[in-house]
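Each chain is listed here by its residues.
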Amino acid sequence: MFASANKAHATIIVVNYSAASSAVHTAAKPQQKVFVRELLKKLDKPVVIDADALHATFLDKMKSQRVICTPHRKEYEIVMKNVKGKIPEHVVILKKGSVDSIVVGDKVFENRTGVPEMAVAGTGDVLAGLAAGFLAQHLTPLHSAINAAYVNGKAGERARKKQGNFSAEELLDFLVV
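Keep in mind that this is a model prediction, so the values were computed, not measured.

Here is what the cut-offs are and how they apply
Residues numbered from 1 in each chain as written. Predicted model: local features only at pLDDT ≥ 70, side-chain atom pairs only at ≥ 80, totals over all residues. Heavy atoms only, no water. Helix = DSSP H or I, 4+ residues; strand = E, 2+ residues; numbered from the N terminus. Buried < 20%, exposed > 50% of the residue type's maximum accessible area, 1.4 Å probe, protein only. Pairing = 2+ DSSP bridges. Phe/Tyr/Trp six-rings, centres within 6.5 Å; stacked < 30°, edge-to-face > 60°. Lys NZ or Arg CZ within 6 Å of the ring centre and 35° of its normal. Salt bridge = Lys/Arg side-chain N within 4 Å of Asp/Glu carboxyl O. pLDDT = per-residue confidence, 0-100. Contact = heavy atoms within 4.5 Å.

Asks: Would you mind showing me how to read the overall build of the protein here?
Replies: The helix and strand inventory of the protein stands at six helices and eight strands. Overall, the protein shows an N-to-C arrangement of helices and strands of β-β-β-α-β-α-β-α-β-β-β-α-α-α. Counting all 177 residues of the protein, 46% fall into the buried class.

As structure tokens, then:
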């Protein structure tokens, strides 16, 4: 399956997949919201939703019953508004921050790995990719989110110890799974 949204820089490729990740960084435009919403409503495999795709997603209308959302603080506010303050049972929220919060139902888990240098563009994409990778290996959304946050944070700690500041691309060199 190949999908593209009106030359609007919203391209998601899904081919014989075990899990999907949507991190469309331009979903603020109406046609992109429709594209992302319709695509995610049809996917029945585990999915990670990140970045502006969170603006377009109606979590209670998704076909997939294994969903991880990876918002930062502002995106979290949008997600909570969209679900009227009640996160659906099939959704795990991995809220990015100096301490990551993993929320499922009424349970909250905290990940305290990581360093302030991780507050650079792209490290959240690494986190979302890790979560999708764990989902594709058939871990539960909760265990995928916990493992992704921990592995991403430890990579950041190793990167800072070795070189100080780093980019998201450089963070990849420090991933150990």
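Let us keep going from here.
Asks: Help me out: how do you make sense of the pairing of strand β7 (residues 100-104) in this one?
Replies: Every other side chain in a regular strand lies on the same face of the sheet, so the side chains alternate between the two faces. Of all five residues in β7, five are buried, a share of seventy percent or more. In β7, alternate side chains face the same way, and those of Asp100, Ile102 and Val104 on one face and Ser101 and Val103 on the other are all buried. The pairing of strand β6 (residues 91-95) with β7 spans three bridges and is antiparallel. Following the sheet pairing, Lys95 is matched in β7 by Ser101.

Asks: What is the right way to look at the packing of aromatic side chains in this model?
Replies: When we look at a pair of aromatic rings, we describe it by the centre distance and by the angle of the planes. In total, this model carries zero aromatic pairs according to the counting rule given. Across from the ring centre of Tyr76, 4.4 Å away, lies the NZ or CZ of Lys95, which sits over that ring.

Asks: Honestly, the pattern of salt bridges in this entry has me stumped. Any pointers?
Replies: Any two side chains of opposite charge can pair, so long as their charged atoms come close to each other. For the structure on display, the rule yields five salt bridges. Its salt-bridge partner being Glu110, residue Arg112 comes within 2.7 Å of it at the nearest N-O pair. The salt bridge involving Arg160 is made with Glu117; its shortest N-O contact spans 3.6 Å. Of this pair, Arg160 sits in helix α5 (residues 141-163) while Glu117 sits in the loop between β8 (107-111) and α4 (123-136); the two residues are 43 residues apart in sequence, bridging distant segments of the chain.

Asks: Help me understand the confidence of the model for the protein in this model?
Replies: It should be kept in mind that the predicted coordinates are not to be read in detail where pLDDT is low. Averaged over all residues, the pLDDT of the protein is 82; the fraction at 70 or higher stands at 82%. Put simply, strand β1 (residues 2-4) is where the protein has its lowest mean pLDDT, 39, and α5 is where it has its highest, 97. Within the model, pLDDT remains below 50 along residues 1-15, and this stretch shows 29 contacts once partners closer than five positions in the same chain are excluded.

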